[in-house]
Amino acid sequence: MKFALTTVKLRRRPTWLGWALVAILIVGLFHAFTANLYPFLAPEKPPREGLMVVEGWIHDFALDEAIVLFNQGAYSRIVCTGVPIETGSYISRFKSYPEMTAVRLKKMGVDPTRIVVAIADDAKKDRTYMSAVALREAIMAYNLDEKRLHLVTAGPHGRRSRMLFQKALGDEYEIGITCLAPSSYAPEDWNTCSEGVREVMSEFLAYAYAKFFFHP
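Notes on the structure in this doc start here. Since we're looking at a predicted model, the values are computed, not measured. (Residues numbered from 1 in each chain as written. Predicted model: local features only at pLDDT ≥ 70, side-chain atom pairs only at ≥ 80, totals over all residues. Heavy atoms only, no water.)

Things to note about the environment of T81
Considering the arrangement of structural elements, one finds T81 in strand β2 (residues 74-82). Separated by 51 residues in the primary sequence, T81 and A132 place their C-alpha atoms 7.6 Å from one another. Other than its neighbours up to four places away in sequence, T81 contacts V53, V54, E55, G56, P98, A118, S131, L135 and F165. (Helix = DSSP H or I, 4+ residues; strand = E, 2+ residues; numbered from the N terminus. Contact = heavy atoms within 4.5 Å.)

In structure tokens:
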């Protein structure tokens with residue numbers, strides 16, 4: 001019987017052509033991932049009726065577009081959701097994003113009787129979900145019986161926002177979504193600027209967390 005401390009094994013290794021094909025495949029997959037990531041995070045499915053829900057932090061240009069949608073659709077009310085303002089609250093008359101956005105809507109000609117303000121608790125985490133809880137409470141307080149909601153936001157937050165709003169409201173609500181363009185970069189060129197990369201990738205990770213690990 002022969003004993004040995006080492007052995008020789010034959011292994012297959014890619015040639016330079018094989019490595020080139022692997023590199024091309026990786027580049028192709030990465031390109032497909034980056035090309036489809038923003039549309040995945042920012043879906044478009046508006047019902048054009050029911051209750052419009054606007055996330056209160058959206059920038060002015062997005063709010064302009066939201067008002068156009070509101071005037072074109074068959075909506076009974078427009079609800080401003082969001083959390084308290086942390087920066088500048090000492091010198092501002094607005095203590096929350098929903099309050100500020102409600103005033104912006106009034107200044108832009110929306111009937112004040114059709115505006116509802118839903119302010120979330122001052123939470124340090126899960127703010128989108130807490131905003132959805134505030135919406136649920138506002139629906140109960142105002143006796144709103146619409147079951148179709150049109151959530152309006154800006155940037156790649158839409159898929160995560162709609163999912164969390166659905167969790168808070170329940171399956172009896174049908175929630176559509178419109179994701180208006182962000183103010184600081186073009187959606188199709190998000191991977192060419194630092195702010196776009198930072199926002200899209202962080203939102204992708206936040207969506208994955210909310211999808212697989214978040215429990216109300």
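Alright, that's what it looks like, and here's the rest.
Regarding a nonpolar patch on the surface
On the surface, a cluster of nonpolar side chains totalling about 520 Å² of accessible area is made up of W16, L17, L21 and I24. Structurally, L21 is set in helix α1 (residues 16-41). (Patch = residues over 30% accessible without salt bridge, like charges linked within 9 Å, V, L, I, M, F, W, Y side chains within 5 Å. Areas by Shrake-Rupley, 256 points an atom, 1.4 Å probe, with all protein chains shown as cover. Salt bridge = Lys/Arg side-chain N within 4 Å of Asp/Glu carboxyl O.)

Some thoughts on the packing of helix α2 (residues 60-72) against helix α3 (residues 97-107)
Contact geometry for α2 and α3: axes closest at 11 Å, N-to-C directions at 60°. In terms of axis orientation, α2 runs oblique to α3. Crossing hand, α2 versus α3: right-handed. Residues D60, L63 and I67 of α2 form the contact with α3, whose own contacting residues are T101, R104 and L105. Split by residue class, the contact of α2 with α3 holds three nonpolar, one polar and two charged. (Axes fitted to C-alpha atoms, helices over the stretch in contact; angles between N-to-C directions. Parallel < 35°, antiparallel > 145°, perpendicular 65-115°, else oblique. Left-handed = near helix turned anticlockwise from the far one by under 90°. Nonpolar A, V, L, I, M, F, W, Y, C, P; charged D, E, K, R; others polar.)

Thoughts on the pattern of salt bridges
For the coordinates displayed, the defined rule picks out four salt bridges. Measuring nitrogen to oxygen at the nearest pair gives 2.5 Å for the salt bridge that ties D60 to R104. Of this pair, D60 sits in helix α2 while R104 sits in helix α3, and the two are 44 residues apart along the sequence. A salt bridge links R148 to E174; its shortest N-O distance comes to 3.0 Å. Taken as a pair, R148 in strand β4 (residues 148-154) and E174 in strand β5 (residues 174-180) lie far apart in primary sequence, 26 residues in all. For E174, a relative accessible area of 38% puts it in the partly exposed group. (Buried < 20%, exposed > 50% of the residue type's maximum accessible area, 1.4 Å probe, protein only.)

Examining the state of the cysteines
Taken as a whole and judged by the stated rule, the model has zero disulfides. The thiol of C80 is unpaired, and the distance to the nearest cysteine sulfur, on C179, comes to 18 Å. Owing to a relative accessible area of 0%, C80 belongs among the buried residues under this scheme. By relative accessible area, C179 is classed as buried at 14%. (Disulfide = S-S within 2.5 Å.)

Looking at the side chain of E146
Along the polypeptide, E146 turns up in the loop between α4 (127-141) and β4. In this structure, E146 is buried with no salt-bridge partner, the nearest side chain bearing the opposite charge being R77 at 6.5 Å. With residues up to four places along the chain from it excluded, the contact list for E146 reads G50, L51, S76 and Y173. (Lys, Arg positive; Asp, Glu negative; His and termini not counted.)

Describing the sheet that holds strand β3 (residues 115-119)
Reading across the sheet, the five strands line up as β3-β2-β1-β4-β5 and stay open at both edges, with parallel pairing between neighbours. Edge positions in the sheet fall to β3 and β5, since each has one partner strand and no second. Shown here is a sheet whose adjacent strand axes are inclined to one another by a mean of 25°, direction ignored. Both strand β1 (residues 49-55) and β4 contribute to a ladder of four bridges, which runs parallel. Bridge pairing in β4 links L51 to L149. Across the sheet, α2 lies against β1, β2, β4 and β5, angled at about 155° from β2, the strand it touches most. (Pairing = 2+ DSSP bridges.)

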